[in-house]
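Below, each chain spelled out in residue letters.
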Amino acid sequence: PIVNCARCGAVPVPDDDLPVVLPLEVEVGAGGGSPLRKMPEFFETRCPECGGSAERETDTFDTFVESSWYFARFTCPDNEKAMVDARTEYWTPVDLYIGGIEHAILHLLYARFFLKLMRDEGLVSTHEPFTNLLTQGMVLKDGSKMSKSKGNTVDPQELIERYGADTVRLFMMFAAPPEQTLEWSDSGVEGAHRFLRRLWKLIATHEVPAETDAVIDPAGLPEDEAALLRKTHRTIAKVSDDVSRRYTFNTAIAAIMELVNEISRFGGSSTTGALIRHRAIEAVVTLLSPITPHVCHALWKELGHENPVIDQPWPDADSRAMAETTLQMAVQVNGKVRAQIQVDAAADDETIRQTALADENVRRFTGEKPPRKVIIVPRKLVNIVVA
């Protein structure tokens, strides 16, 4: 509410004349700019101080006004009588704000100002607009920030037409953590494409078991089956944590790739082994579906499911399946590794000690005399010191 006068400068509209009511209808023509500038019936007025000819300010809102409280308005966009309502109390503060580094000074500052003003006016009760902040990194090419002016941008449409959108998504999320700089790499895109082709082939040649709903008891499984089951549930636990808490999508993808490697190496052919392999493949598709939704939608159908993968609940990690039943421990003699032993995960120190000393290769270096000292690093190492 400002009047611009050639003689008096910028003059506030007197309180008695507030509010300045905007026209109910405006005509938006070509050329951009405020449509109010094309309406002399609105902007032509008299100066409140000198009474001379003056013009009303037509830039009525700064760019950041609406964007400084949109997150609150989005919770109740159909309310035509108030800025916000009780639904805003439920949805705010926002759990996670994602934006570029330039927002840290501008948008976040203004959003906090507006939120606190709305709080003081009794519109909301929360004190901060956002609970967590994730500042995304820049995309570089040949060491420089991608820019149209530099001519070093990559046309995503060309990549989508050549590889598909999922390949591009997979590469960008795998190349770097979201808060760090991403160095664009054409070979990296090729690598992501090869992985998806490999996964496609793995599932295309996979035979779905006749019974897929049977319960798998982790106890008493052969070691190869127990190992794949353990790897599957540890991957579920890691990906769930990386995606929902740490936002490190690159490490989540790396864990999924490791699981695919384990599935490819798995040779179990028993009925239970086939089911464990099938469940591992299902876990891969489910965990990867937020990152490569189109490919996983097709692969989920290939696995015999009628409902789309987007409706599939997120898998839960089974603590019993993740537990180790046996441990592999290195055995050193005078500081040099001489053997690897397998022991029960619940074995006590004396059992581990006797197993290590009984190993044939260890005995070659210890001789017949009792060792001077045996140091056990739990779950990792047995260090035997001989005179």
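Per-chain numbering applies: the sequence of each chain, read as written, is numbered from 1 onward. Where totals are concerned, whole chains, interfaces and linings use all residues; where local detail is concerned, this predicted model gives features only for residues with pLDDT of at least 70, and gives and counts side-chain atom pairs only at 80 or more. With hydrogens and water set aside, each side-chain value is computed from the structure's full complement of heavy atoms.

Looking at the pattern of salt bridges
By convention in these notes, a salt bridge is any Lys or Arg side-chain nitrogen within 4 Å of a carboxyl oxygen on Asp or Glu. Considering all chains together, one arrives at 18 salt bridges under this definition. Among the ionic pairs, Arg-87 bridges to Asp-85, the shortest N-O distance being 2.8 Å. We classify Asp-85 as partly exposed; its relative accessible area is 21%. Through salt bridges with shared partners, a single network forms among Lys-238, Asp-241, Asp-242, Arg-245 and Arg-246. Relative accessibility under 20% of the residue-type maximum defines a buried residue, over 50% an exposed one, and the middle range a partly exposed one, all with a 1.4 Å probe and only protein chains included.

Thoughts on the sheet that holds strand β3 (residues 44–46)
Strand order in the open sheet made by the four strands is β2-β1-β4-β3, with antiparallel pairing throughout. Lying at the two open borders of the sheet, with one neighbouring strand each, are β2 (9–12) and β3. Within the sheet, the average angular offset between the axes of one strand and its neighbour, ignoring direction, is 40°. Inspection of the sheet shows strand β1 (residues 2–5) paired to β2 by four bridges, in the antiparallel sense. Paired with Asn-4 across the bridge in β2 is Ala-10. We call two strands paired when DSSP finds no fewer than two bridges between them. Here a strand is any run of E in DSSP of at least two residues, a helix any run of H or I of at least four, and the numbering for each starts at the N terminus. The axes are straight lines fitted to the C-alpha atoms, using for helices just the contacting stretch, and the angles between their N-to-C directions are given from 0 to 180°.

Examining the side chain of His-206
Within the secondary structure, His-206 is located in the loop between α8 (186–204) and α9 (223–246). The term polar contact refers here to a pair of N or O atoms within 3.5 Å; inside protein, the definition further demands a hydrogen-donor-capable atom paired with an acceptor-capable atom, and it admits residues adjacent in sequence only when both atoms are side-chain atoms. Side-chain polar atoms of His-206 contact the side chain of His-278, separated by 3.0 Å.

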